[in-house]
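# Remarks on the overall topology
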Number of protein chains: 2
Amino acid sequence: MINENYRQMLQGKSIIRQLSEYAAQRGSEIGYDQVFDYSLGNPSVPCPGEYTDALVRLLEEEDPMAVHGYSPSLGIESVRKAVADSLNRRFGMEYEAKHIFMASGAAGALAHGFRCVTRPGDEILVFAPYFPEYSPYINQTGAVMRVVPPDTDSFQIHFGALEEMINEKVMAVLVNTPNNPSGVAYSKETLCRLADFLERKQREYGHDIFLISDEPYREIVFEGADSPYVSKFYDNTISCYSFSKSLSLPGERIGYVAVNPRCKDADIIAAMCGQISRGIGHNCPPSSVQLAVAEVLDKTSDLSVYERNMNLLYDALTRLGFQVVKPGGTFYIFPRALEEDGAAFCMKAKKYDLILVPSDNFGVPGYFRMAYCIDTEKVQRSIPVLERFVREEYPGIGR
Amino acid sequence: MINENYRQMLQGKSIIRQLSEYAAQRGSEIGYDQVFDYSLGNPSVPCPGEYTDALVRLLEEEDPMAVHGYSPSLGIESVRKAVADSLNRRFGMEYEAKHIFMASGAAGALAHGFRCVTRPGDEILVFAPYFPEYSPYINQTGAVMRVVPPDTDSFQIHFGALEEMINEKVMAVLVNTPNNPSGVAYSKETLCRLADFLERKQREYGHDIFLISDEPYREIVFEGADSPYVSKFYDNTISCYSFSKSLSLPGERIGYVAVNPRCKDADIIAAMCGQISRGIGHNCPPSSVQLAVAEVLDKTSDLSVYERNMNLLYDALTRLGFQVVKPGGTFYIFPRALEEDGAAFCMKAKKYDLILVPSDNFGVPGYFRMAYCIDTEKVQRSIPVLERFVREEYPGIGR
């Protein structure tokens with residue numbers, strides 16, 4: 001018989017996807033350039049030419065049996081080594097190839113990371129606001145996701161709330177910095193304090209607590225932001241990376257797990273990922289994509305558009321009286337809505353063809369997310385519309 | 001804490017991989033051309049030039065944002081449509097795009113198929129001999145794999161054994177034709193009888209029983225073989241396909257699930273795969289690979305080498321007195337060993353640098369598998385060695 005759990009999930013259509021579909025449909029009516037679609041977190045700049053060149057060269061010059069042949073289940077050895085070397089060079093780490101597992105984007109990396117360090121019934125803490133897909137990602141492992149309420153003044157970690165939420169069933173803590181949806185990067189101070197806290201709790205409970213660090217936005221960091229490499233702070237860290245945003249390759253499903261060499265069982269966690277992959281049908285990212293990415297590890301797309309867009313929106317939002325924490329990276333901003341009900345606020349914005357995502361699904365009510373991975377010209381055109389929306393719908397509330 | 005289940009799995013290293021590693025190491029000592037490595041089922045011919053051309057054209061001429069952008073979670077709509085059309089054209093089916101889910105090879109397709117139609121504790125029947133990876137594939141879903149003993153005269157289905165094994169907890173039956181490791185294709189007669197049997201049992205138990213058809217070797221069928229399309233025979237069929245062997249792209253992780261349009265809940269099973277993929281971190285095969293494959297759906301690599309090799313080996317093995325069923329496809333042959341203990345037989349062969357895989361892991365003792373996806377020239381050179389091995393180790397047994 002059909003598995004009812006998965007059938008039930010069909011009901012829960014993502015609000016982000018619904019809004020994005022609405023935007024596309026509305027665009028077909030009035031012209032897509034008239035729809036200010038801030039719904040989807042999809043890179044708006046092409047991959048670097050070096051990536052295309054590397055892949056074309058592999059296809060045209062290398063043996064097709066090597067380019068398209070089976071990858072070992074942990075990834076191609078030379079690629080794992082190249083990833084380790086790049087991380088060591090950039091962040092002063094001491095990874096070896098054995099600490100790297102090549103994964104199908106951050107989603108694949110997280111699927112493996114969660115399964116390595118939890119058993120069904122164990123708890124994983126996540127911090128609000130959080131990427132809504134964490135919920136199905138974690139639920140399907142059998143572990144239980146629990147949400148730590150936010151510090152809305154800074155969107156750093158609310159340590160008081162964390163202290164209240166933790167208990168001895170917590171085997172992993174998930175962080176995402178720079179953060180989707182807040183755009184905020186965890187500071188050195190936050191990460192030091194988190195490491196101290198987790199070390200204390202490890203001693204108290206007598207078991208390891210792993211920090212799973214979801215880092216798809218690691219390379220999108222803005223001027224002046226304090227966004228250090230998470231794994232430097234806490235030994236039991238498993239970093240989950242994706243090239244989707246840094247190289248604008250979201251459809252190519254390529255990323256990795258990097259296990260801190262000082263992590264408990266560091267020498268076997270990547271190998272365990274290989275065992276996990278047997279049951280979830282992963283069996284490695286494509287060989288050709290692994291080989292091409294390995295040639296551009298230290299490159300990125302031209303990511304400057306995101307910072308330009310952020311500055312335009314941050315200035316406009318603060319000028320209009322929104323309460324908003326300045327993003328340190330990503331291509332998201334997360335202002336407080338102008339009424340209690342974030343969904344009602346976004347519904348009103350829709351009338352102005354401003355497509356904003358209400359915050360309820362991110363674990364914080366009363367806010368909204370704007371994904372500003374769109375053309376700067378459109379951001380500029382959206383600002384007078386935003387202004388008119390605020391003036392007409394919330395007279396006297398905005399400035 | 002580390003998940004002990006996955007840690008335990010690290011002990012169970014695949015015998016096939018061990019033998020393949022031994023062959024590589026032995027090759028580095030005496031020259032790889034002197035090692036007759038029949039261990040690994042890895043295509044020995046390159047992908048068709050049309051595939052490379054299609055991918056290079058996409059990379060050089062199309063918008064990188066489209067080629068590398070997110071794929072919808074069920075696959076790119078035009079690709080799903082093209083797969084449906086190709087199957088309809090070739091097998092007289094009536095698939096629509098909604099019945100197709102693009103998957104990471106057959107492993108990914110199976111991971112989704114199993115989860116769609118079973119719940120933890122349900123039983124899935126597989127037929128010996130079977131691909132050993134089925135065991136971790138199924139175990140990690142929480143379902144229970146049970147093995148139906150073989151009919152060693154034909155390696156078709158042993159219906160008496162099937163009748164004894166089935167019970168009302170069986171929610172799915174897994175077939176693999178043409179078969180790894182036997183090379184045998186299920187005949188029209190076998191598939192008719194299986195369909196009749198399952199329909200009877202569905203009525204008896206009052207619930208659906210799904211047929212999951214693992215078809216990575218569907219395009220490697222030899223002259224005169226009777227190898228019909230499985231889904232034609234039984235409505236509740238979920239076909240799991242991979243391009244790994246037909247296009248020699250095993251490292252590119254591309255395949256699909258095709259749900260028979262007359263299957264129970266046919267309209268939602270592919271959509272359920274999309275929900276399952278959220279928890280196992282799959283999120284689609286790479287967009288560029290989907291798009292390139294869609295342009296060569298009716299092409300294959302030059303697969304003729306496999307039939308040439310099969311004929312050479314089948315003739316030699318029968319001449320030497322082996323009991324062996326003639327393969328109808330794949331690149332495997334599965335003769336009976338010349339002593340009870342297949343592992344002991346293969347150990348002796350190793351002394352002659354003949355790398356054969358004992359059958360125990362395939363669920364049948366006393367046989368061995370040869371993967372003849374190697375150069376024909378090497379197959380030819382291996383035959384006198386095989387002959388010497390039999391003469392010296394089993395005097396009087398072989399002819």
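Here, every reference points to the structure presented above.
This section reports on the structure supplied with the text. Residue numbering note: each chain is counted from 1, following its sequence as written. For naming, the first written chain is A and the first written ligand is 1, with later ones following in the order written. Restriction of local features to residues with pLDDT of at least 70 applies here, the model being predicted, together with a cutoff of 80 or more for giving and counting side-chain atom pairs; totals for whole chains, interfaces and linings are based on all residues. By convention in this description, side-chain values take in all heavy atoms of the structure and omit both hydrogens and water.

With that settled, the discussion passes to the overall build of chain A. Where helices and strands are cited, they refer to DSSP runs of H or I of at least four residues and of E of at least two residues respectively, numbered from the N terminus. When you go through chain A residue by residue, the secondary structure sums to 14 helices and 12 strands. Taken over C-alpha atoms, the radius of gyration comes to 21 Å for chain A, in line with the 21 Å a tight globule of 399 residues would show. Expressed as lengths along the three principal axes of its C-alpha atoms, the size of chain A is roughly 60 × 60 × 55 Å. Between buried and exposed lies partly exposed: a residue is buried under 20% and exposed over 50% of the maximum accessible area for its type, with that area taken using a 1.4 Å probe on protein chains only. Residues classed as buried in chain A amount to 63% of the 399 residues present. The criterion used for residue contact is that any of the two residues' heavy atoms lie within 4.5 Å. The long-range fraction of contacts in chain A, counting pairs at least 24 apart against all pairs at least 6 apart in sequence, stands at 76%. For a compact globule the rule gives 2.2 Å times the number of residues to the power 0.38, and the radius of gyration it is set against comes from C-alpha atoms.

This brings us to the nonpolar core. For this analysis, a nonpolar core means a set of buried residues of the types Ala, Val, Leu, Ile, Met, Phe, Trp, Tyr and Cys, connected via side-chain atoms within 4.5 Å. One finds Leu174 of chain A together with Leu174 of chain B to be the most contacted residues of the largest nonpolar core, which totals 100 residues. Counting residues in hydrophobic clusters, the runner-up holds 63 residues, among them Tyr241 and Leu249 of chain A together with Val67 and Ile254 of chain B.

Our focus in this paragraph is the relation of the copies chain A and chain B. The copies are overlaid by a least-squares fit using only the C-alpha atoms of residues whose pLDDT is at least 70 in both copies. Each copy of the sequence occupies a distinct position, and chain A is placed on chain B by a rotation of 180° and an axial shift of 0.0 Å, giving an RMSD of 0.0 Å. What we have between these two chains is a two-fold relation. Interface overlap between copies: 100% of the residues of chain A at the interface are likewise at the interface in chain B, consistent with a symmetric, same-surface contact.

For the rest of this paragraph, the subject is the interface of chain A and chain B. Opposite the 72 residues of chain A that make contact, chain B presents 72 residues. The quantity reported as buried area is the accessible area (1.4 Å probe) lost by two parts once they are put together, taken as the sum for both. Of the roughly 6000 Å² buried at the junction of chain A and chain B (both faces included), carbon and sulfur atoms supply 59%. Area buried by chain A at its contact with chain B is led by Met1, Tyr70 and Arg278 of chain A, which between them contribute 14% of it. The term salt bridge refers to a side-chain nitrogen of Lys or Arg lying within 4 Å of a carboxyl oxygen of Asp or Glu. At the boundary of chain A with chain B, the tally comes to four salt bridges.

Before going further, it helps to spend a moment on the packing of helix α6 (residues 105–117) of chain B against helix α10 (residues 266–280) of chain B. Residues and elements named next belong to chain B. Close contact between α6 and α10 brings their axes to 9 Å; oriented N to C, the two are set at 110°. Between α6 and α10, the crossing angle belongs to the class labelled roughly perpendicular. Between α6 and α10 the crossing geometry is right-handed. On the side of α6, the interface is formed by Ala111, His112, Arg115 and Cys116, while α10 contributes Ile269, Met272, Cys273, Ile276, Ser277 and Ile280. Axis definition: a line fit to C-alpha positions, over the contact stretch in the case of helices; interaxial angles, taken between N-to-C directions, run 0 to 180 degrees. Roughly parallel here means an angle under 35 degrees, roughly antiparallel means over 145, roughly perpendicular means 65 to 115, and every remaining angle is called oblique. In this scheme, a crossing is called left-handed if the near helix is turned counterclockwise away from the far one by less than a right angle; it is called right-handed if the turn is clockwise.

Okay, unusual backbone geometry next. The residue after threonine 177 of chain A, namely proline 178 of chain A, is reached through a cis peptide bond having omega -10°. Looking at the element boundaries, proline 178 of chain A is found in the loop between β5 (170–176) and α9 (188–205). One non-glycine residue, serine 248 of chain A, adopts positive backbone phi at about 55°. Tracing the backbone through its elements, the reader meets serine 248 of chain A in the loop between β7 (237–242) and β8 (255–259). When its relative accessible area of 5% is taken as the criterion, serine 248 of chain A is described as buried. Positive phi values are uncommon outside glycine, yet aspartate 265 of chain B reaches one of about 60°. Within the secondary structure, aspartate 265 of chain B is located in the loop between β8 (255–259) and α10.

This part covers empty space enclosed by the protein. Residue and element names in this part refer to chain B. Definitions used throughout: a 1 Å grid over protein atoms alone; a cavity as a set of points that fits a 1.4 Å probe which cannot get out; a pocket as an open set with protein on both sides within 12 Å along at least five of seven lines; a lining residue as one with an atom within 4 Å of a point. Grid points are joined across faces, edges and corners, and a volume is the space filled by probe spheres set on the points. Under the definition given, this model contains seven cavities of 30 Å³ or more. Here the largest cavity defines a volume of roughly 100 Å³. Together, 14 residues line the largest cavity, and Ser86, Arg90, Arg218, Tyr256 and Leu297 are the ones closest to its centre. Of the residues that constitute the lining of the largest cavity, the class distribution is seven nonpolar, three polar and four charged. Nonpolar residues are Ala, Val, Leu, Ile, Met, Phe, Trp, Tyr, Cys and Pro. Charged residues are Asp, Glu, Lys and Arg, and all others, Gly as well, are polar.

A few words on the packing of aromatic side chains. Aromatic rings considered in pairs are described by the distance between their centres and by the relative angle of their planes. Geometry of aromatic contacts follows a simple scheme: Phe, Tyr and Trp rings, the Trp one being its six-membered ring, pair when their centres are within 6.5 Å, and the pair is stacked under 30 degrees between planes, edge-to-face over 60, tilted otherwise. Here the structure, examined in full by the defined rule, presents 43 aromatic pairs over all chains. Both rings, one in tyrosine 352 of chain A and one in phenylalanine 389 of chain A, keep their centres 5.4 Å apart while their planes meet at 55°; by these two values the pair is tilted. Of this pair, tyrosine 352 of chain A sits in the loop between α13 (342–350) and β10 (354–355) while phenylalanine 389 of chain A sits in helix α14 (residues 376–393), placing them 37 residues apart in sequence. Owing to a relative accessible area of 9%, tyrosine 352 of chain A belongs among the buried residues under this scheme. Residue classification places phenylalanine 389 of chain A among the buried positions, given a relative accessible area of 0%. Seen from their ring centres, phenylalanine 334 of chain B and phenylalanine 362 of chain B are 6.0 Å apart, and the 90° between their planes marks the pair as edge-to-face. Of this pair, phenylalanine 334 of chain B sits in the loop between β9 (332–333) and α13 (342–350) while phenylalanine 362 of chain B sits in the loop between β11 (357–358) and β12 (368–371); the two residues are 28 residues apart in sequence, bridging distant segments of the chain. A single burial state applies to phenylalanine 334 of chain B and to phenylalanine 362 of chain B, both of which are buried. Joined through ring pairs, the aromatic side chains of Phe322, Phe345, Tyr352, Phe368, Phe389 and Tyr394 of chain A make up one cluster. Charge-over-ring placement is defined geometrically: NZ (Lys) or CZ (Arg) within 6 Å of the ring centre, and within 35 degrees of the ring normal. Taking NZ or CZ as reference, arginine 218 of chain B lies 4.0 Å from the ring centre of tyrosine 241 of chain B, over its face. When the ring centre of tyrosine 22 of chain B is taken as reference, the NZ or CZ atom of lysine 350 of chain B above it lies at 4.3 Å.

Residue and element names in this part refer to chain B. A sheet is described by the order of its strands in space; here seven strands give the open sequence β2-β8-β7-β6-β5-β3-β4, paired in mixed fashion. Each end of this open sheet is capped by a strand with a single partner; those strands are β2 (100–103) and β4 (144–148). Within this sheet the neighbouring strands show an average axis-to-axis angle of 20°, counted without direction. In this description, strands pair whenever DSSP reports at least two bridges between them. Summarising the sheet, strand β7 (residues 237–242) and β8 pair through five bridges and their orientation is antiparallel. Within the sheet, the bridge partner assigned to tyrosine 241 lies in β8 and is tyrosine 256. Along the sheet face, α10 touches β2, β6 (210–214), β7 and β8 and points at about 25° away from the line of β2.

With that out of the way, let us pick up helix α11 (residues 287–294) of chain A. Burial analysis of α11 of chain A places seven of its eight residues in the buried class, which makes it a mostly covered element. When we look at burial in α11 of chain A, the residues that qualify are Ser287, Ser288, Val289, Gln290, Leu291, Ala292 and Val293 of chain A.

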